[in-house]
Amino acid sequence: MTPLPRWIDIGLLPAINLLLALVTAGIVVVLIGENPFRVLRVLISGAFSAETLGYTLYYATNMLFTGLAAAVAFQARLFSIGAEGQATLGGLGVGLTCLLLDPTLPPVLVVAIACLAAPVFGAAWVLVPGVLQAWRGSHVVITTIMFNFLASGLMVWLLSGPLKEPGRGSPQTRRFAEDAALPYLHDLLGSIGIARSPLNVSIVIALLAAAGVWVLVWRTRFGYALRALGHSREAARYAGIPIRRMIVVTLLISGALAGGMALNEILGVQHKLILNFSAGYGFTGIAVALMGRNHPAGICAASLLFGALFQGGAELNFEFETITTDLVLVIQGLIILFSGALAGMFTPWMTRLVLARAVRDG
Amino acid sequence: MAVPALRLRNISKRFGTVQAARGVDLDVMPGTVHGIIGENGAGKSTLASIIFGLHTPDSGTIEIDGAPVNNLRPVDAIGHGIGMVHQHFMLVPGFSALENIVLGLEAGFRLGPGLARARVRLAGVCREHGLDIDPDATVDDLPVGVRQRVEILKALYRGARILLLDEPTGALAPHETEQLLTLLDRMRASGATVVLITHKLHEIMTVCDRVSVMRSGQLVAERDVKDTSADELATLMVGHDLPADGEEKAAVKVRTVLEVSGLGVRDAGGVRLTDVSFSLRAGEILGLAGVSGNGQSELLEVLAGMRPVSAGNVSVGGRRIDHAHPASPAEMRSLGVSHVPEDRQRQGLVLPFDIRENAVLGRLERCGPGTLVRPAVLQARAETMIGDFDIRPPVADRPAGVLSGGNQQKVVVARETAENPPILLLGQPTRGVDIATIALIHSRIIELRNRGCALLLVSADLDEIFALSDRIVTLCSGRLAGPLETRSADRSVVGMMMAGLGGGATA
């Protein structure tokens, strides 16, 4: 099949999908008796006003990490859906580092170690599924789902037992030391006057990770082997690419990126370890990666879109009595459906159209 | 004059910027075998797809038995008595021959009665065309040639009177090819019309009544087979004279560069190779003939480092590879062993990768130090390959998957011969490749041999083995026979060795 021009594949097609999602969501809004254009206006201003942009970017940071995690695995055709559990473990890495070290070490050092612990713990959580996939052929879809449950169970046990703050009723740890945290951007950039928000330095880490993923996948031997393996296992075997090692290492990198999400949530915002902070971002990351065509630039754009939906959706809930949180979820779901799951829906149609034009124009 | 069974008038079709068919006029008379010959990419398959209704022509008309048909779809084509046998079989592996033939025509909710009736009808069809087949054999258990007969029966069972065969011998062993040609002859005798699409001149000359030559989407010539020759057809196909093939053979071949001794290979599927020993000498081409599936692929993979040795050993460049000391593909490459694999699409290329990326498949570590990939280095390599092998279109950023089969193979051969390797493994280097590319690849093979390269040539094409090899060995059921000196070898002896009957023992 003739490949589509890049601008269509990564620009026009996602735009069409997004438009279709908005139209469908608009019909839902009409059905419950609201004006879809007003809803859209509130959604956009709710996501991109000076006061709310920080929130949008904060949500986007989470999805940037999990989207990159999914994309790296997908490039090697490993359908890992364990970002949820890996992010949870990343949080455990941050939590243990801070709880153990903040009484003795200076905060800067604690933060630095925590920044390493999050990816290391996230990666460790995918080691067993990776090894099972590589040496025993146990499908990584199944094993990573299992490990999501294990991660969640492990955290419940830890936070209601060994790590729980003594004398407190809720399943969470004590707060970390005052300065053992990634700084907020509104603190760092207070002089230019940006609004208060949970947005913190981890967005910079996430963007660096995106750039790193691009270099890794498209500009290194490792990335070449990764993509060759993803496209053709036989060709990888012919080329002498160590397939098993590649599977494990790729999943470790994916797990490390997913673990990075804990930097934003735990080290950046919560400053204590809580339950369920991964909140489905691991799964949303799959849609982000699909919509972003597994490319870091696309994932940045898709993360921003999904971040805007999360933040703008919350605003809808405030603004309209008829639009409940459930309906916001429906709208978000529609966009995920059209942009993520149905991302390839118009590709054949568009290919025919492009071919027809090429024929007519000679 | 009789009405043509099939008449095409002014058929044109383009895909994007490629004009696959241009004003094609074709008359196929009933009860004849009509050959369509041309290089890969000449538009033969497109034409077949148009006749069968898989593609709609941009212009032109089709008549079947004198009646025009419009907007032909495959289901209509079948209704008009056209049957197509594709190059790649469309059979359900776990089903029996009968179940495959009936598929889609089960006649009713309950399978049993329909199958019983189908069995009777199938026996009739077999009798009419002189075909013999066990309807209850599972198709996986059948040899490729018989599977193809199932495909032909599928078409005949659906009432086909005009049979389109698209490159039917691509996957067949020599004796299966002969059987197919005999079958086509019998079918003609029983009144069927056959359109045989191929790029093999031998098949045209053996079985066809009339032949049309396609080049760049046009029918450039049409001949009665009795009035033409293979040489004339070859020239017509390519559009210019071909360089003479198989020049004088160099004589220096004394130094053994690769030695296989007592090699055995077993895997989950059973024993693949048993006690295989031979030596490969610098400056010679060792031809390995055999019906595919007799251990050739496994032997190539062992020598390429892709498959472990179970018994015996392989010595190359002072390194001894055995069960306890396996070699990786990277190590074999560093020992000077290059490998053109049998399956270019699955192994030799990563189809979505562009030519630049495919230019370094398996050789990335040789493209400069460090872990970073240098786009400029890849670009330069790709451009050299494109220039040396006349790869078309000459665009380095085109995915390999959109190239024609011949150009894909050029990419693989160009990559594997770029560094003038001391040892080259060739797996079916010209299978499914057009004549001009075959000539190019053959001349490159001979050039390497004359430079002192040691080549192992695995081919199912006996003509190719005889044209190029200095010595010939065969594999049958994983056992090696030979070698024979090509000069003193006889086709029938090699054929017997391939069938596991008798074995030459002159070393």
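Preceding this section is the structure that the text describes.
Residues numbered from 1 in each chain as written. Chains lettered and ligands numbered in written order. Predicted model: local features only at pLDDT ≥ 70, side-chain atom pairs only at ≥ 80, totals over all residues. Heavy atoms only, no water.

Asker: What am I meant to see in the environment of Glu232(B) here?
Answerer: All names here are of chain B. Note that Glu-232 resides in helix α8 (residues 230-238). Taking relative accessible area as the criterion, Glu-232 reaches 28% and is therefore assigned partly exposed. In this structure Glu-232 touches Arg-223 and Asp-227, once residues within four positions along its chain are discounted. Of the polar contacts made by the side chain of Glu-232, one reaches the side chain of Arg-223; its length is 2.9 Å. Separated by 2.4 Å, the side chains of Glu-232 and Thr-228 make a polar contact. (Helix = DSSP H or I, 4+ residues; strand = E, 2+ residues; numbered from the N terminus. Buried < 20%, exposed > 50% of the residue type's maximum accessible area, 1.4 Å probe, protein only. Contact = heavy atoms within 4.5 Å. Polar contact = N/O pair within 3.5 Å; in protein donor to acceptor, adjacent residues only side chain to side chain.)

Asker: Before we go on, may I ask you to explain the interface of chain A and chain B in this structure?
Answerer: Much of the literature gives interface size as the accessible area that the parts lose upon coming together. Taken together, the contact pairs 21 residues of chain A with 33 residues of chain B. Looking at the side of chain A facing chain B, the largest losses of area belong to Arg221(A), Tyr224(A) and Tyr238(A), adding up to 39% of the total buried there. Connecting chain A to chain B are 2 salt bridges. One salt bridge connects Arg227(A) with Glu357(B), and the closest N-O pair in it is separated by 2.7 Å. (Buried area = accessible area lost by both parts, 1.4 Å probe. Salt bridge = Lys/Arg side-chain N within 4 Å of Asp/Glu carboxyl O.)

Asker: When you look at the pattern of salt bridges in this model, what are you seeing that I'm missing?
Answerer: Opposite charge on two side chains permits them to pair, given that their charged atoms come into close proximity. Applying the stated rule across the entire model yields 37 salt bridges over all chains. A salt bridge links Glu234(A) to Arg237(A); its shortest N-O distance comes to 3.2 Å. With Glu234(A) and Arg237(A) both in helix α10 (residues 233-239) and 3 residues apart, this pair spans about one turn of that helix. Residue Arg237(A) is classed as partly exposed on the basis of its relative accessible area, which comes to 25%. For the salt bridge of Glu419(B) with Arg363(B), the shortest nitrogen-to-oxygen distance reads 3.2 Å. Residue Glu419(B) is located in the loop between α14 (405-417) and β17 (423-427), and its partner Arg363(B) is located in the loop between α12 (355-358) and α13 (375-389); the two are separated by 56 residues in the primary sequence. With relative accessibility at 34%, the residue Glu419(B) sits in the partly exposed group.

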